[in-house]
Amino acid sequence: MSKQSKNLTSSEDTHIDLDAEFRKSNIKEVLDKLDRELIGLKPVKTRIRETAALLLVDRVRKQMGLSAGAPSLHMCFTGNPGTGKTTVALRMSEILHRLGYVREGHLVSVTRDDLVGQYIGHTAPKTKEVIKKAMGGVLFIDEAYYLYKPENERDYGAESIEILLQTMENNREDLVVILAGYKDRMDKFFHSNPGMRSRIAHHIDFPDYDVEELVAIAKLMLADQNYRFSPAGEEAFGKYLHLRMKMEHFANARSVRNALDRARLRQANRLFIGTKKALTKTDLMTLVPEDILASRVFLEGKPDSGSVAIPEAK
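Residues numbered from 1 in each chain as written. Predicted model: local features only at pLDDT ≥ 70, side-chain atom pairs only at ≥ 80, totals over all residues. Heavy atoms only, no water.

1. Observations regarding the pairing of strand β2 (residues 107-110)
Regular strands place their side chains on alternate faces of the sheet.
And step 1. Residues of β2 alternate between two faces, with V108 and V110 buried on one and L107 and S109 left unburied on the opposite face.
And step 2. One ladder, built from 4 bridges, connects β2 with strand β3 (residues 138-142); its direction is parallel. From the neighbouring strand, V110 faces β3, where its bridge partner is I141. (Buried < 20%, exposed > 50% of the residue type's maximum accessible area, 1.4 Å probe, protein only. Helix = DSSP H or I, 4+ residues; strand = E, 2+ residues; numbered from the N terminus. Pairing = 2+ DSSP bridges.)

2. Comments concerning the sheet that holds β2
And step 1. Read across the sheet, 5 strands follow the order β2-β3-β4-β1-β5 without closing on themselves; strand pairing throughout is parallel. Two strands lie at the open edges of the sheet, namely β2 and β5 (202-206), each paired on one side alone. Taken over all neighbouring pairs, the strand axes of this sheet differ in orientation by 20 degrees on average, direction set aside.
And step 2. Packing of helix α9 (residues 183-192) onto the sheet brings it into contact with β1 (75-79), β4 (176-181) and β5, and relative to β4 it is tilted by some 125 degrees. (Axes fitted to C-alpha atoms, helices over the stretch in contact; angles between N-to-C directions. Contact = heavy atoms within 4.5 Å.)

3. Description of the side chain of D291
And step 1. Position of D291 relative to the elements: it lies in helix α15 (residues 289-293).
And step 2. Judged by its relative accessible area of 1%, D291 is buried.
And step 3. Not counting the four nearest positions on each side in its chain, D291 is found in contact with A263, R266, Q267, R270 and T286.

4. Observations regarding the confidence of the model for the protein chain
And step 1. Here the protein chain averages 89 in pLDDT, and 92% of its residues register 70 or above.
And step 2. This model gives residues 1-10 a pLDDT under 50, and the stretch forms 2 contacts once residues within four places in sequence are excluded.
And step 3. Here residues 309-314 is modelled with pLDDT under 50, and outside its nearest four sequence neighbours on either side it reaches 7 contacts, counting other chains as well. (pLDDT = per-residue confidence, 0-100.)

This is the structure in structure tokens:
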């Protein structure tokens with residue numbers, strides 16, 4: 001047996017404990033955090049776990065001398081607003097950092113306005129400055145399809161896309177780009193930009209939440225601020241969601257947060273103008289049906305506006 005064959009056999013017989021590598025990476029902590037932070041989204045969480053497993057195995061392969069070059073890690077997150085895309089991007093940046101695929105693991109979140117200039121010579125410096133800030137971490141571009149406006153000949157988005165494409169190809173070992181937006185618009189964007197499509201290796205679709213999941217999200221949000229629903233208040237909020245989800249501009253968890261902000265305002269007004277002046281801790285914590293049912297969703301069949309009317313104290 002030649003020396004080369006003997007070394008090859010020895011390498012192939014080497015064992016590595018994948019569970020030990022998993023524990024050493026501390027990515028379980030990030031995956032558990034994702035489970036706690038986000039209600040539902042089972043298909044998304046499954047894809048993130050699969051991606052984490054792929055990266056862990058790839059790292060082990062490198063240790064065994066089986067590396068075939070840096071994997072393409074650029075991603076596309078599609079789905080409606082408020083479905084957790086930014087949160088998942090943040091946790092993905094942590095996973096990439098803990099497995100050694102990015103140096104720092106920070107997330108830089110931007111939109112078209114952060115990348116595209118308004119006059120000749122303005123776009124390149126803006127885009128390069130953003131890339132510089134994101135280098136060593138993850139660049140998250142929300143509503144990425146707005147970078148491409150073929151109907152406007154004087155638009156400078158194409159210049160930004162060209163710089164991004166070069167960076168995504170030449171700096172794969174130091175930057176991961178995640179594009180996000182509505183699925184139909186992202187599909188159209190990729191169709192018009194085949195260079196971008198070819199660089200995106202992972203596509204993850206974020207489903208809308210159902211009413212039960214949104215109520216659970218609301219309870220988590222309230223608990224974070226030391227609030228809670230009364231049993232009847234929770235039932236009223238479920239009815240609110242059934243109606244609100246059928247109206248325009250519904251944005252899943254984002255709309256839930258806005259609704260809770262208004263409910264807290266109504267609760268404060270109710271307590272202030274009420275006859276009960278000696279309030280208990282329970283009074284201060286609890287949202288009751290009155291705080292929910294005063295919404296325009298019930299009274300006018302329209303989404304709430306940005307303000308809440310404050311009655312005069314009696």
